[in-house]
Amino acid sequence: MAKTPLYTALQEHLEKKRASFHTPGHKGRFLPHDLYELDLTELPDTDSLFEADGCIDAAEKAARELFHSQATFFSAGGCTLCIQAMFRLAAPQGGKVISSRVIHRSAVNTMALLGIEPVWVRPRPDAGPCLAGRLHPEDVKKALEQNPDAKAVYVTSPDYYGVLADIQGLSAVCHAYGVPLLVDNAHGTHLALLGKHPLALGADLTACSAHKTLPVLTGGAFLNVGDTEISRKLGFAGRAKEAMALFGSTSPGYPIMASLDLARAWAMEQGQEAWEELAIRMAKIKETARKKGLLLPAGETDPTRLAIGTLPVGMTGEEAGDFFRKKGVEPEHEDGAYLVCIATPFNTKEELDRLEETVLALPEANMSIKETPALPPLPPVRMMPREAVLAFQKSVPLEDAVGKIAGEAACPCPPGVPIVMPGEEITPEAILFLNNYGLRSIQIILQK
Ligand SMILES: Cc1ncc(COP(=O)(O)O)c(C=O)c1O
């Protein structure tokens, strides 16, 4: 047989038998093997995702109960498709959206596609050193006062490190100003089973990357419409399919959609108990990490997400990642300061024990970590994200970029807050900061 580099690499990876503390949430243990045979298409009896009125519609309606939503929709195009749909629903033809500065690439790209003008609000560094922190309702209120024409507020919660924003406070502010709150809840679908889902806390729309934490095939996600006055007034539920169809493939994978249906049924029958049990186990692992002197995000966090700041033990997150892999643990994410593990009820007891033993085996803490340095001022906006993202671009060494316009978000981790966004001027202060964090080049736009 001819060479199959990808297939072979995946097989070889499995042979390493590392404990999976990364996405997808099923960990290879929940879904039935007949999903291959269920790779069907739109047939008279299999419905059609964007014109659903049969079994897909019924499965989506069943999912409303899990989230207590006004409406829930399936995506086989990841949370990205749900994020695209949220923006299309709230700002169909562009306009201002007040947005946390800490957002996923898919949100920046959607802003570009729809001609949205972001009004950035920075999080406050309240989650401890080396983390971005949370968007605060008072800061959003100020932005809404200054921008009465804003169409929505957009926030990521939880973030990659499990840090939860004050969704109740944010939604109260949004509703007082008559705008919807859109939440990128990519990392928090399971929070529905722990009483902390943003929809239950007042969000109007949530994009939930089910495959990250629930037993769903990669690419499976839910778009939720909250049962709120504003989402009814703006007709979100009735317009959602059209918004998703604008960006989605006409061939959504049936195995992915079937896995959403199966995971939802599991979640409703056994999910709460399973996640609560996991939260207890993870609390113990977090305590072990704390006792070792590792950093943990401060304030309210996802009880099941393990994010550990490794600088106190003299390792970057990347170095700790290598250490974890040598011990047979594959983490989700590593950066200059933190290592992140995604545990789900589909990790075995042995895997969770291995995770805790690996945390214990890290060197002893021997240094204290200072607060993250203050961020440089927000740079001047020279063009809209749309113009910048769609412009021809080139990569240049950082030192040659002074005064140029960024074509991409430049976001060193830590602190995980973009220092420049597409369309913003690259200032000397930004360059100094990025350089200190090891960034050596940046995409700039080529002007005519
Ligand atoms: C915060 C956040 N939002 C959105 C996404 C996009 O999700 P998906 O890969 O399901 O499209 C991700 C993916 O990692 C993410 O981390």
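Predicted model only: the values in this text are computed from it and were never measured. (Residues numbered from 1 in each chain as written. Predicted model: local features only at pLDDT ≥ 70, side-chain atom pairs only at ≥ 80, totals over all residues. Heavy atoms only, no water.)

Here we look at the sheet that holds strand β9 (residues 305-309)
Then, number 1: If you walk across this open sheet you meet the 3 strands as β9-β12-β11, and the pairing is antiparallel. Lying at the two open borders of the sheet, with one neighbouring strand each, are β9 and β11 (333-334).
Then, number 2: Here β9 runs beside strand β12 (residues 338-342); their pairing, made up of 5 bridges, is antiparallel. Opposite Leu306, over in β12, you have Cys341 as the bridge partner.
Then, number 3: Here helix α11 (residues 317-326) sits on the sheet in contact with β9, β11 and β12, set at roughly 45 degrees to β12. (Pairing = 2+ DSSP bridges. Helix = DSSP H or I, 4+ residues; strand = E, 2+ residues; numbered from the N terminus. Contact = heavy atoms within 4.5 Å. Axes fitted to C-alpha atoms, helices over the stretch in contact; angles between N-to-C directions.)

Regarding the sheet that holds strand β4 (residues 116-121)
Then, number 1: The 7 strands are arranged β2-β8-β7-β6-β5-β3-β4 in an open sheet whose pairing can be described as mixed. Two strands close off the open sheet at either side, each with one partner strand: β2 (71-75) and β4. In this sheet, adjacent strand axes meet at a mean angle of 20 degrees when their direction is disregarded.
Then, number 2: Across the sheet, helix α9 (residues 236-247) is in contact with β2, β7 (205-208) and β8 (221-225); its angle to β2 comes to roughly 10 degrees.

Description of the domain arrangement of the protein
Then, number 1: We note that the domain assignment places domain 1 (33-262), domain 2 (272-361) and domain 3 (385-445) within the protein.
Then, number 2: The gap between the C-alpha centroids of domain 1 and domain 2 is 27 Å.
Then, number 3: In this assembly, domain 1 packs against domain 2 so that about 1,900 Å² is buried in total across both faces, 63% of it on carbon and sulfur atoms.
Then, number 4: Contact with domain 2 buries area across many residues of domain 1, yet Tyr160, Tyr161 and Leu194 alone supply 30% of it, more than any other trio.
Then, number 5: Linking domain 1 with domain 2 are 1 salt bridge. (Domains from an automatic or database assignment. Buried area = accessible area lost by both parts, 1.4 Å probe. Salt bridge = Lys/Arg side-chain N within 4 Å of Asp/Glu carboxyl O.)

Let's talk about the side chain of Arg122
Then, number 1: On the secondary structure map, Arg122 appears in the loop between β4 and α5 (137-146).
Then, number 2: Buried and unpaired, Arg122 has no salt bridge, with Glu424 as the nearest side chain of opposite charge at 7.4 Å.
Then, number 3: Side-chain polar atoms of Arg122 contact the backbone oxygen of Pro376, separated by 2.8 Å.
Then, number 4: When sequence neighbours within four positions are dropped, the list of residues in contact with Arg122 reads Arg101, Leu135, Asp139, Leu375, Pro376, Pro377 and Leu378. (Buried < 20%, exposed > 50% of the residue type's maximum accessible area, 1.4 Å probe, protein only. Lys, Arg positive; Asp, Glu negative; His and termini not counted. Polar contact = N/O pair within 3.5 Å; in protein donor to acceptor, adjacent residues only side chain to side chain.)

A word on empty space enclosed by the protein
The gaps of empty space that remain are located by a probe, the size of a water molecule, rolled over the atoms.
Then, number 1: Taken as a whole and judged by the stated rule, the model has 1 cavity of 30 Å³ or more.
Then, number 2: If you trace the largest cavity, you find 13 residues lining it, with Gly133, Arg134, Leu135, Thr156 and Asp159 closest to the centre.
Then, number 3: When the residues that make up the lining of the largest cavity are grouped by side-chain class, the tally is 8 nonpolar, 3 polar and 2 charged. (1 Å grid on protein atoms, 1.4 Å probe; cavity = no way out; pocket = protein on both sides within 12 Å on 5 of 7 lines; lining within 4 Å. Points joined across faces, edges and corners; volume = space filled by probe spheres on them. Nonpolar A, V, L, I, M, F, W, Y, C, P; charged D, E, K, R; others polar.)

Comments concerning the site of the ligand
Then, number 1: Around the ligand there are 13 residues in total, and Cys79, Thr80, Asp184, His187 and Ser209 lie nearest to it.
Then, number 2: Within the side chain of His187, one N or O atom sits 2.8 Å away from an oxygen atom of the ligand.
Then, number 3: Between the ligand and Lys212 there is a distance of 3.0 Å, counted from an oxygen atom to a side-chain nitrogen or oxygen.
Then, number 4: When the free accessible area of the ligand is taken as 390 Å², the share hidden by the protein chains comes to 82%.
Then, number 5: The biggest single contributor to the shell around the ligand is helix α3 (residues 78-90), with 4 residues.
Then, number 6: Residue composition of the shell around the ligand, by class: 4 nonpolar, 7 polar and 2 charged. (Near = heavy atom within 4 Å. Areas by Shrake-Rupley, 256 points an atom, 1.4 Å probe, with all protein chains shown as cover.)

Points about unusual backbone geometry
Then, number 1: Residues Thr23 and Pro24 are joined by a peptide bond in cis, for which omega reads -5 degrees.
Then, number 2: Here Pro24 shows up in the loop between β1 (19-21) and α2 (55-67).
Then, number 3: Omega for the peptide link from Ser157 to Pro158 comes to 0 degrees, which places this bond in the cis form.
Then, number 4: On the secondary structure map, Pro158 appears in the loop between β5 (153-156) and α6 (167-176).
Then, number 5: Residues other than glycine seldom take positive phi values, yet Lys17 does so here, at roughly 55 degrees.
Then, number 6: Structurally, Lys17 can be placed in the loop between α1 (5-15) and β1.
Then, number 7: Residue classification places Lys17 among the exposed residues on the basis of a relative accessible area of 63%.
Then, number 8: We note that His68 has phi near 55 degrees; this positive angle belongs to a residue other than glycine.

Some remarks on helix α4 (residues 105-114)
Then, number 1: Taking burial as the measure, the 10 residues of α4 include 7 buried ones, the bulk of the element.
Then, number 2: Taken as a whole, α4 has its buried residues at Ser106, Ala107, Val108, Thr110, Met111, Ala112 and Leu114.
Then, number 3: Where α4 is buried, its residues touch α3, β3 (95-100), β4, β5, α9 and α13 (385-390).
Then, number 4: Backbone geometry just downstream of α4 places Gly115 in the positive-phi region, at approximately 70 degrees.

What to know about the pairing of β7
Then, number 1: Across the two faces of β7 the burial is the same, with Leu205 and Ala207 and Thr206 and Cys208 all buried.
Then, number 2: Pairing geometry for strand β6 (residues 181-184) and β7, over 3 bridges, is parallel. Opposite Asp184, over in β7, you have Ala207 as the bridge partner.
Then, number 3: Here β7 runs beside β8; their pairing, made up of 4 bridges, is antiparallel. Following the sheet pairing, Cys208 is matched in β8 by Phe222.

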